[in-house]
Each structure stands twice: as C-alpha cells, then as structure tokens.
Amino acid sequence: MESFDKISIDQISKRDLLLIVKSLEYTYENTKIDDFINLRNNMVKELCFLAETSEDDFLKFLEK
C-alpha cells in the first residue's frame, strides 16, 4: 500500500459527505469527545472555504 498524507474528496458523493458530517456530530453528542466535533468543524470549514460559501449554505447544498 502506498503511503499518503492527504486524500481527495472528488470521489465522495454529497450524500456520503453529509453522512460523515452528521456521524461526527452524532458521535460527539453521544460521547462528548471533542475530537469528533473538532474534526467535523475543521472539515466543514475547509470545504466552505473551497466552495466559497457559508456553512449554512454548504450544509443545505449537501442536504439537497
């Protein structure tokens, strides 16, 4: 297996990406482990930056 430092999300569907975000939220709410909500927030923040949109608009886009 090749090692890698970064991965590309261009092969992840909107539905799968929304599922990841919601899963991180759910896990945080049920465990109170900050790493889960921090990962969710960092992912969403970076994706919003790349999409040049707000978090609310980005999440609405994923939910369509």
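About the cut-offs
- Residues numbered from 1 in each chain as written.
- Predicted model: local features only at pLDDT ≥ 70, side-chain atom pairs only at ≥ 80, totals over all residues.
- Heavy atoms only, no water.
- Helix = DSSP H or I, 4+ residues; strand = E, 2+ residues; numbered from the N terminus.
- Buried < 20%, exposed > 50% of the residue type's maximum accessible area, 1.4 Å probe, protein only.
- Contact = heavy atoms within 4.5 Å.
- Areas by Shrake-Rupley, 256 points an atom, 1.4 Å probe, with all protein chains shown as cover.
- Lys, Arg positive; Asp, Glu negative; His and termini not counted.
- Charge placed at Lys NZ, Arg CZ, Asp CG, Glu CD.
- Core = buried A, V, L, I, M, F, W, Y, C linked by side-chain atoms within 4.5 Å.
- pLDDT = per-residue confidence, 0-100.
- Salt bridge = Lys/Arg side-chain N within 4 Å of Asp/Glu carboxyl O.

### Topic: the overall build of the chain
Per the secondary structure count, the chain includes three helices and zero strands. Helices (α) and strands (β) of the chain occur, in sequence order from the N terminus, as α-α-α. Looking at the chain as a whole, 20% of its 64 residues are labelled buried. Considering only contacts within the chain whose residues lie at least 6 apart along the sequence, 36% involve residues at least 24 apart. For the chain, the accessible area works out to roughly 5500 Å², and carbon and sulfur atoms hold 53% of it. Of the charged side chains in the chain, 9 are positive and 14 negative, and the gap between their average positions amounts to 6 Å.

### Some details on the nonpolar core
Core analysis: the largest hydrophobic core is formed by nine residues, namely Leu17, Leu18, Val21, Val44, Leu47, Cys48, Phe58, Leu59 and Leu62. Going through the elements one at a time, helix 1 (14-31), helix 2 (34-51) and helix 3 (55-63) are the ones with two or more residues in this core.

### Details of the confidence of the model for the chain
Looking at the chain, pLDDT values average 93 and 98% of them are 70 or higher. Considering each helix and strand of the chain separately, the mean pLDDT is smallest for helix 3, with a value of 95, and largest for helix 1, with 97.

### Observations concerning the pattern of salt bridges
For the structure shown, the criterion picks out five salt bridges. Linked by salt bridges that have partners in common, Lys22, Glu25, Arg40, Glu55 and Glu63 make up one network.

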